[in-house]
Amino acid sequence: SRFAGLHFFNPVNKMPLVEIIKHDEISEETINDLHQWVIKSKKTPVVVGDGPGFLVNRILMPYLNEAGHLLMEGVSIKELDNAALKFGMPMGPCRLLDEIGIDVADKVAAIMYNGLGERAKDSGQAKEMIEKNFLGKKSGKGFYCYDERGKSTGVNSEVEDMLPDSKSMELNEIQMRLILPMVNEACYILDEKIVNSAEEVDLGLIFGIGFPPFRGGLCRYADKEGLDRFQKALEGFSNSVSKDRYTPAPFLNELVKSKRKFYDM
């Protein structure tokens, strides 16, 4: 009853979020004590249930995962990252993977796949990068190259050579390919009660990964755009790209059928 998890985000001195991981036997007193301790540490707490990736990394997973699939379809590193930046993300998925470490991301991907199944299956592209020691910023080369001070000097041409020939894809399609799986995973999280509200999802993503605050958070953004539109877009990509990764979550179908939004819950 006095045991819980605390999950900080990297870099700890800059990232304001801390996930408090609860379980069935935890006492309310323990949660409250940890909540107060996190606030005194000048961080923002969010209480989440246990499960692969907890809250933030579980929703970040399909974003990074789909980036790998887009690269293997011929979208260039620069085009992919620019699409994310234009959406409002603080950095593109390739740059973020370099910060995390390609080897670390690969290990996390395996955990997610074991826990979540086929919708979390990665593109397999990281394995070849790891073999060549293209581990990201820490090794001086990942999707980008870095100087001694850790400053990017441009796209790693050796990784570009490992990827298929570039093909053109509309900006909006790239952005939707990245964001729709995040919305879908948020539905699974809410259905499983990892958190109890859309507000907690949005709080976690804004403070945990820098999801663009001007969009109000992932769930608020989806509500504004229309859950029925997102459901149809997911169904379209399910048919044209991957049934495993884009089939609408049952919880999303329920919301659309009952004409409710995330923030109506």
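Shown above is the structure to which this text applies.
These lines cover the structure that appears in this document, whether it is placed above or below. Not measured: the values here are computed from a predicted model.

Thresholds, definitions, all that
Residues numbered from 1 in each chain as written. Predicted model: local features only at pLDDT ≥ 70, side-chain atom pairs only at ≥ 80, totals over all residues. Heavy atoms only, no water. Helix = DSSP H or I, 4+ residues; strand = E, 2+ residues; numbered from the N terminus. Rg over C-alpha atoms; globule rule 2.2 N^0.38 Å. Buried < 20%, exposed > 50% of the residue type's maximum accessible area, 1.4 Å probe, protein only. Areas by Shrake-Rupley, 256 points an atom, 1.4 Å probe, with all protein chains shown as cover. Lys, Arg positive; Asp, Glu negative; His and termini not counted. Charge placed at Lys NZ, Arg CZ, Asp CG, Glu CD. Contact = heavy atoms within 4.5 Å.

On to the overall build of the protein chain. When helices and strands are tallied, the protein chain shows 13 helices and five strands. Taken over C-alpha atoms, the radius of gyration comes to 19 Å for the protein chain, in line with the 18 Å a tight globule of 265 residues would show. Along the first, second and third principal axes, the C-alpha set of the protein chain runs to 55 × 45 × 35 Å. Expressed as a percentage of the 265 residues in the protein chain, the buried residues total 49%. As displayed, the protein chain has an accessible area near 13,200 Å², and 49% of this comes from carbon and sulfur atoms. Taken as two groups, the 34 positive and 40 negative side-chain charges of the protein chain have centres that lie 4 Å from each other.

Our focus in this paragraph is helix α10 (residues 218-225). For α10, the set of buried residues is L218, C219, Y221, A222 and D223. In this structure, the buried side of α10 is in contact with α2 (56-72), α3 (77-87), α8 (171-191), α9 (198-209) and α11 (227-240). Positive backbone phi, at 110°, marks G226, one or two positions downstream of α10.

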